[in-house]
Structures are given as structure tokens and as C-alpha cells.
Amino acid sequence: MKYPLMMTAAALTMGLSLTTQAAEPLKIGISAEPYPPFTYTSSEGEWTGFEVELGMAICEAMDVTCEVTPTGWSGIIPSLKAGRIDMIMNSMSITEARQRVIDFSAPYYFTPGAFVAADDLALEVPQGLNGLVLGVQSATTNATYARRALRDSVGDIRLYDQAEQVNRDLLAGRLDVILADEIAMTEFLERDEAEGYAIKATAPRHEAYGEGVGIGIRKGDDALKTKIDAAIGQVREDGTCSTLSEEYFGTDICT
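Basis of the calculations
Each residue is numbered by its place in its chain's sequence as written, counting from 1. In keeping with the model being predicted, local features are shown solely for residues with a pLDDT of at least 70 and side-chain atom pairs are shown and tallied solely at 80 or more, while totals for entire chains, interfaces and linings include all residues. Side-chain measures were taken over the full set of non-hydrogen atoms in the model, leaving aside hydrogen atoms and water. Runs of E in the DSSP output that reach at least two residues are strands. Runs of H or I that reach at least four are helices, and both are numbered from the N terminus. Under the scheme applied here, a residue whose accessible area is under 20% of the maximum for its type counts as buried, over 50% as exposed, and between as partly exposed, the area being computed with a 1.4 Å probe on protein chains only. Pairing between strands is defined by DSSP: at least two bridges between the two strands are required. Lines fitted to the C-alpha atoms define the axes, with helices restricted to the stretch that makes contact. Angles between their N-to-C directions range from 0 to 180 degrees. Whether two residues are in contact is decided by their heavy atoms, any of which lying within 4.5 Å being enough. What goes into a patch is any residue over 30% in relative accessible area without a salt bridge, connected to like charges within 9 Å or, for nonpolar side chains (Val, Leu, Ile, Met, Phe, Trp, Tyr), within 5 Å. Surface accessibility in these figures is a Shrake-Rupley result with a 1.4 Å probe; residues are shielded only by whichever protein chains are displayed. Each salt bridge in this description consists of a side-chain nitrogen of Lys or Arg and a carboxyl oxygen of Asp or Glu lying within 4 Å of one another. Think of it this way: Lys and Arg go in the positive column, Asp and Glu in the negative one, and His and the chain ends go nowhere. Charge positions are represented by NZ for Lys, CZ for Arg, CG for Asp and CD for Glu. Any pair of cysteine sulfurs within 2.5 Å is marked as a disulfide.

> Just give me the short version of the environment of Thr71, but keep the residues and values in it.
Looking at the secondary structure, you find Thr71 in strand β4 (residues 66-71). Here Thr71 falls in the buried class, since its relative accessible area comes to 17%. Distance from Thr71 to Arg84, taken between C-alpha atoms, is 9.6 Å for residues 13 residues apart in sequence.

> Summarise the sheet that holds strand β11 (residues 197-202); cite the residues concerned and give the values.
Hydrogen bonds along the backbone pair up the strands of a sheet, which may run parallel or antiparallel. Taking strand neighbours across the sheet as the criterion, the five strands line up as β9-β8-β10-β7-β11 in an open arrangement whose pairing is mixed. The sheet is open, and its two edges are formed by β9 (156-160) and β11, each paired on a single side. Going across the sheet, the axis of each strand differs from the next one's by a mean of 30°, ignoring polarity. Across the sheet, helix α4 (residues 141-150) touches β7 (113-118), β8 (133-137), β9 and β10 (177-181), and the angle it forms with β10 is around 130°.

> Explain a negative patch on the surface to me, and be specific about the residues and the numbers.
On the surface, Asp119, Asp120, Asp192 and Glu195 cluster together into a patch of negative charge. Mapped onto the fold, Asp119 is located in the loop between β7 and β8.

> Got a sec to walk through the state of the cysteines? Specific residues and values, please.
The tally for this structure, following the rule as stated, stands at two disulfides. Residue pairing for Cys59: its cysteine sulfur links by disulfide to Cys66, the two sulfurs lying 2.0 Å apart. With the S-S bond torsion at -90°, the cross-link from Cys59 to Cys66 turns out left-handed. The exposure classification of Cys59 matches that of Cys66, with both residues buried.

Rendered as C-alpha cells:
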């Protein structure tokens with residue numbers, strides 16, 4: 001099941017706001033830094049992945065035209081608030097802190113954080129982190145969890161702008177362990193260069209991880225939220241979400 005990056009429609013009944021009619025497609029904001037298997041560029045240079053395809057399925061369920069709009073992760077919420085994108089669909093967890101500045105749809109998946117290290121490193125979390133160097137992507141729920149729950153346990157916490165930077169520094173030996181999304185780490189560990197590394201533990205349920213992953217929406221876009229929530233319900237009920245999940249992950253992560 002593959003969805004093109006632009007959904008074609010005979011007529012458009014919804015623009016940047018559901019209260020006006022316009023010819024502009026809704027812009028789905030994703031991080032410009034690939035986050036496979038959720039978002040990444042294909043060999044043809046087009047954005048694809050679980051969330052790209054699911055996002056287009058959600059747009060189809062809403063009967064609207066959408067386009068993927070990459071932006072830097074650190075600026076993705078400001079871009080939403082400024083109107084440069086209309087929704088964020090990039091594994092963004094629903095947390096209390098984020099809900100102060102944006103709204104969220106109903107959650108569409110949940111996955112815990114995972115600690116990844118070399119096979120031969122005996123690791124017990126959190127006690128076994130003492131003296132180790134931990135890498136984590138900044139502005140993520142994993143970073144929030146590390147700061148709140150691990151700062152007295154780990155030797156050093158290093159923050160990175162991009163997830164791939166964390167992965168590279170682990171492989172280069174500059175980090176002892178990394179904390180990242182479990183599903184993304186499962187994909188990372190399938191790479192040839194990641195041989196000899198493994199998921200050593202998963203993070204416990206913690207307030208830092210919020211209620212699951214949802215689509216970020218501007219405050220006040222209540223009509224859009226209603227449409228998106230209904231569309232999420234539809235792709236969940238008709239099996240689209242589960243089918244894409246099985247295709248990309250080999251399991252059903254849809255909530």
C-alpha cells in the first residue's frame with residue numbers, strides 16, 4: 001500500500017483552515033532529518049515511510065489534498081504556530097509541556113524508549129549507567145526522560161540535534177549507550193554497521209513520554225482537529241494503520 005506525496009482530488013473543500021476555501025494543500029510538517037522507518041527519502045528522492053504513508057491515508061479519509069513539508073526538528077513547533085505548516089506528523093509524543101503551546105489529535109501509536117549499547121556491555125538500567133556516556137536527541141521525550149530520571153545515574157548525558165548523529169557517535173565509540181525510540185532502534189540495528197549492538201533495556205512508563213504519539217495542530221484549529229480525529233478513527237477501523245504498521249515494523253503499533 002503506497003500513497004503519493006500529493007493526494008489528487010476533484011475538488012478541494014478545505015484549505016489551510018477549515019473555515020475558508022482555498023486551493024492550497026494542507027502542509028504536513030515532518031523533520032528534514034530522516035527518521036527511518038517513520039520518515040525518510042526513497043531512492044527516487046521522495047519522502048516516504050510509515051508516517052508519510054499514514055499521513056496521506058489520513059488526508060484521503062478527510063478528502064483533502066496534502067503535501068509533505070520538511071523542516072528542522074528544533075523549529076517544527078514554531079513553524080506550525082507561524083502557519084508555515086498545518087500539522088506535525090513526526091513521532092511527536094503528546095506531553096503536558098507541548099500541550100501548553102499546541103493541540104494534538106488523538107494518539108495513533110505508542111512505543112517506549114530503548115537503551116542501545118554494545119552486545120558485550122552488561123547494562124542494568126538505571127544503576128548500570130553510572131560512569132557511562134549516554135547520547136540522546138534533544139527536544140524529544142527521551143531527552144526529557146533522561147534529564148528527569150537519569151541525571152543522577154548516568155555519567156554524562158550528551159544531546160544531539162539529529163537522531164542519526166546519535167547513532168553515528170555510538171558506532172564510532174564516542175558514546176557508551178543511546179536512548180531512542182524502540183521502533184527506530186529496531187530498524188537501526190538491522191544495518192550491517194550496527195552488528196554487535198543490541199537493545200539492552202526499555203525505558204519504563206514515565207510522565208515524560210506522555211500519552212502516545214499524536215498529530216500536532218495549532219491552538220484554535222478545532223475544526224481541523226475534529227476532522228483529523230475522525231480520519232484517525234477511520235484508518236484504524238478499516239485496517240489501514242495496522243497494514244502499514246505490519247509492512248514497516250512487522251507488528252501492529254497502532255493505538
